[in-house]
Amino acid sequence: MTLLAESERIAPNSTDAAIASANGSGTLTKQIRISRPGPDASVSTLLNRGQRPPAWVEELVLEEIPRKDDYGLIGLDTLARFAQICSTLPHHTPKPYYGVGDDATIGAEWDLGRFHVEIQVGNNPAMNSIVFEIDGGEPEELPLEGNVRLLAALMSRILRDS
Amino acid sequence: MEADIPDEIPPDCTVYRLAKKSDIKPDGTPQSDCFSDKAADDGSSYYMSVYFLDEMQLAGKTVLDLQKVWGLEYTVLALNATDLRKQGERLWRDTRDEFPGHGACKRADGAERTRGQKRKIAKIARIAPELL
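A separate point is the overall build of chain A. Counting its regular elements, chain A contains four helices and eight strands. Residues counted as buried form 38% of the 162 residues belonging to chain A. Long-range pairs, those at least 24 residues apart, make up 55% of the contacts in chain A with a sequence separation of at least 6.

And the structure:
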């Protein structure tokens, strides 16, 4: 068993998490810090003081998604970014349907009455996106980067209305 | 821009895509994750594996046989070649020994399929009626 500890500067509003993933030689455990401030400046101001992430985020990121990652495709950075995005959602956001694509992406989707919302976070950040759909109409796709605040705001509004 | 992607499947051909049952929502519709291109060894986008009914039928195989090969963890989603083309996809045969009718599905421009494009396919895919 290999144990790696990655030390990072402690950021405010950060959560430590140990992510275990299977590899060919045994279990690789890497200590990461799911920081909210994230890697881009746009995320750093998303969480209001005292805001709690949805309760399902930790289990989803630490256990359920790695279990679905049959081929070990998802990079640790991708998993951490997904956690950051989900942590910006309103606390009462329901747990999404989630999956791991063969193209090394994590997907999450919500059917919320008239609204359908999806996000995708992948090893290739250029493919990160948000999809919105109303009343089963044409899906509207936006890049995720730069629109995380919009995602959180829209989710908040949808949850209020539905 | 059109890439040099083959397109050789009859328009009325039924196209099957294997999906994990855990990626099917309670209402019976698939999650968008079911429609990802497989990543190549170098990390670049490859294609989405599919099976074509016409070639399966020539080999005397059914969708039930296909599902059995992959096991109870999987189900089979049915699409139509014309509908996939309307979504900007291209289809070609890519024979594998494991089961007849194997083929490939990829964006006509050769680009990696976006989440929105996956969603559009998810909306027209349904579990094969023979499996219901």
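With that settled, the discussion passes to the interface of chain B and chain A. In this assembly, 16 residues from chain B lie in contact with 18 residues from chain A. Looking at the side of chain B that touches chain A, its residues break down into one nonpolar, six polar and nine charged.

To summarise the sheet geometry, strands pair through backbone hydrogen bonds and adopt either a parallel or an antiparallel arrangement. All names here are of chain B. Strand order in the open sheet formed by six strands is S4-S5-S2-S1-S3-S6, with antiparallel pairing between adjacent strands. Edge positions in the sheet fall to strand S4 (89-93) and strand S6 (126-127), since each of these pairs with one other strand and no more. Examined bridge by bridge, strand S3 (residues 74-80) and S6 share two bridges and lie antiparallel to one another. The residue of S6 that forms the bridge with Leu77 is Ile127.

All right, on to unusual backbone geometry then. All names here are of chain A. One non-glycine residue with positive phi stands out, namely Ala104, at about 65 degrees. Structurally, the position occupied by Ala104 is in the loop between strand S4 (97-101) and strand S5 (105-112). Here Asp135, not a glycine, exhibits a phi torsion of approximately 55 degrees, which is positive. In this structure, Asp135 sits in the loop between strand S7 (129-134) and strand S8 (140-143). In this structure Asp135 comes out as exposed when scored by C-beta crowding, with 8 C-beta atoms within 10 Å.

In this section: the sheet that holds strand S6 (residues 115-122) of chain A. Residues and elements named next belong to chain A. Strand order in the open sheet formed by five strands is S4-S5-S6-S7-S8, with antiparallel pairing between adjacent strands. Two strands in the sheet have a free side with no partner beyond their single neighbour: S4 and S8. This sheet shows a mean twist of 15 degrees between the axes of neighbouring strands, independent of strand direction. In this sheet, S5 lies alongside S4 in antiparallel orientation, the contact comprising five bridges. From the neighbouring strand, Val100 faces S5, where its bridge partner is Ile106. Sheet contacts for helix H4 (residues 148-161): S5, S6 and S7; angle to S6, the most-contacted strand, approximately 155 degrees.

Here we take up helix H2 (residues 57-68) of chain A. Residues spaced three or four apart along an α-helix point in a common direction, a consequence of the helix completing one turn every 3.6 residues. All names here are of chain A. Over its twelve residues, H2 extends 15 Å from the first C-alpha to the last, a length consistent with the 16 Å expected when each residue adds 1.5 Å. Buried within H2 are the following residues: Val57, Leu60, Val61 and Ile65. Summarising the axial view, the buried residues of H2 lie within an arc of 85 degrees, below the 170-degree limit, and thus occupy one face. Those residues of H2 that are exposed and angled more than 90 degrees off the buried face are Glu59, Glu63 and Arg67. Turning to H2, the residues buried within the fold contact helix H3 (76-87), S4 and S5.

Now for the environment of Asp7 of chain B. Residue and element names in this part refer to chain B. Mapped onto the elements, Asp7 comes out in the segment before strand S1 (14-20). We classify Asp7 as partly exposed; it has 13 C-beta atoms within 10 Å. Once the C-alpha coordinates of Asp7 and Leu72 are considered, the two residues, 65 residues apart in sequence, prove to be 32 Å apart. Apart from residues lying up to four places away in sequence, Asp7 is in contact with Arg90, Leu91 and Trp92.

Attention shifts here to the confidence of the model for chain A. In this model, chain A carries an average pLDDT of 78, and 69% of its residues clear a pLDDT of 70 or more. Confidence drops under a pLDDT of 50 for residues 1-47 of chain A, and excluding neighbours within four residues, the segment shows 71 contacts in the predicted structure.

Time to look at the environment of Ile24 of chain B. Residues and elements named next belong to chain B. With respect to the helices and strands, the residue Ile24 is situated in the loop between S1 and strand S2 (48-52). With 17 C-beta atoms packed within 10 Å, Ile24 lands in the partly exposed category. What Ile24 contacts, discounting residues up to four positions off in sequence, is Ala19, Pro30, Thr75 and Ile127.

Rules used in this analysis
Residues numbered from 1 in each chain as written. Chains lettered and ligands numbered in written order. Predicted model: local features only at pLDDT ≥ 70, side-chain atom pairs only at ≥ 80, totals over all residues. Helix = DSSP H or I, 4+ residues; strand = E, 2+ residues; numbered from the N terminus. Buried ≥ 20, exposed ≤ 12 C-beta atoms within 10 Å, placed from the backbone. Contact = placed C-beta atoms within 7 Å. Nonpolar A, V, L, I, M, F, W, Y, C, P; charged D, E, K, R; others polar. Pairing = 2+ DSSP bridges. Axes fitted to C-alpha atoms, helices over the stretch in contact; angles between N-to-C directions. Expected span 1.5 Å × (residues − 1). Arc of directions from axis to C-beta. pLDDT = per-residue confidence, 0-100.

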